[in-house]
Every structure is written in structure tokens, then in C-alpha cells.
Amino acid sequence: SLAQLGALGGERCTGPAAATFRAWHGAIDVAMKGGDPTPLLRPHVHDECVFRPPTYFTPWVGGDETLLLLSCVSEVFGMSFTYGRQWLSPDGHDWALEFKADVADTGRSIDGIDLVKLDEAGGMVELTVLARPPNGVDALKREMLKRVPPRLAALKLRKLFS
């Protein structure tokens, strides 16, 4: 059940939304063990997902781009990532997930909230991450800049030739 994963709400959660929530938590478990969360999440992320991370002014659009960022941030947070309170709308299509994490080996940490919106099919269509404090977000941005550009270039090349 969703309550076993720490969720409050979701009393009338749809099957697709529950499947996405379970996949999300499964992907976090995989990432914390050093694995790639992408295969678990890909079926649950809409191709036009809009991702608003705390480290960029403009949103990222695309399922592959969203997964690329999630994969990179899972490396930055490593095993330090934990969820606290988790709220789901009654139908399970809107989530607010409170988290804490250390930012690599920078000595900084962040507290934040993942705001997730699903479509009727249970696909993630929006992911907004709010985080604080500013020095933790700045450290996160620096760590992400070490990882994202080469992977994003490779993704763009794959898309160009596919």
C-alpha cells in the first residue's frame, strides 16, 4: 500500500498513479545502491514532462531530459537522500514529497520538496523541486554542472541520429 511507502492521502488513488508512486520509490532505492533509476522510471515519465529544478531558471522539457537530470542528482545525493513527509492528492495524481540530502562531499546539505503532477495515465507530466538553503542549492548546481553537460550532449546526439 501507499501508506507502507510513507504516504499520507491517496485515499482514492488510481492504479496508474499508484504504479508510478511505487516505481518512483523503487527507483530511489536503486539509485541509493548506486544503480541507474532510469529503467524503472522511464515507463512512468511522459515524453513531454516539464522539470523545474531549483538550480536552473528555465524548465527542462522532455522525458529523457528529466531522467538524465534525475540520474545525475541521484549520484550527487547518493545514500544520503531521505524522504520525510509525503502527501498525495486523493486520486494520487499530485504529490508533495519532503526530502533531505547531502550534496556530494561539499559539506552542504539541502532540504526540499518534490512537487509531482501525473496525467490520467499515471505519467509524470510535471516535476518541480523547491530547495533551501541557498548555499546548499549553489553546491548542488556546481555538482550538477560537473555531470550534466557531457550527458546532455550525448543525449542530443542520440536524438539527432535516431
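Look a little higher up for the structure.
These notes cover the structure that comes with them. (Residues numbered from 1 in each chain as written. Predicted model: local features only at pLDDT ≥ 70, side-chain atom pairs only at ≥ 80, totals over all residues. Heavy atoms only, no water.)

With respect to the helices, strands and loops of the structure, Leu-69 is situated in helix H3 (residues 63-77). As a C-alpha pair, Leu-69 and Leu-2 span 67 residues in sequence and 25 Å in three-dimensional space. Sequence-distant contacts of Leu-69, defined by excluding residues within four places in its chain, comprise Phe-51, Trp-60, Met-144 and Val-148. (Helix = DSSP H or I, 4+ residues; strand = E, 2+ residues; numbered from the N terminus. Contact = heavy atoms within 4.5 Å.)

Moving on to the pairing of strand S5 (residues 94-103). As paired elements, strand S4 (residues 82-88) and S5 share 5 bridges and run antiparallel to each other. Across the sheet, the residue bridging to Trp-87 is Ala-96, located in S5. Taken together, S4 and the strand that follows it, S5, pair antiparallel across an intervening segment of 5 residues, in which Gly-92 is found at a positive phi of about 80°. With 10 bridges joining them, S5 and strand S6 (residues 108-118) adopt antiparallel strand pairing. By the bridge assignment, Phe-99 is partnered in S6 with Gly-112. A loop of 4 residues connects S5 with S6, the two strands running antiparallel in sequence, and Ala-104 in this loop sits at a positive phi of about 45°. (Pairing = 2+ DSSP bridges.)

Let's shift gears to the pairing of strand S2 (residues 45-52). The pairing of S2 with strand S7 (residues 124-132) spans 4 bridges and is classified as parallel. Following the sheet pairing, Val-50 is matched in S7 by Glu-126. Where S2 and strand S3 (residues 60-61) come together, 2 bridges link them in antiparallel fashion. Residue pairing for S3: Val-50 is matched across the bridge by Val-61.

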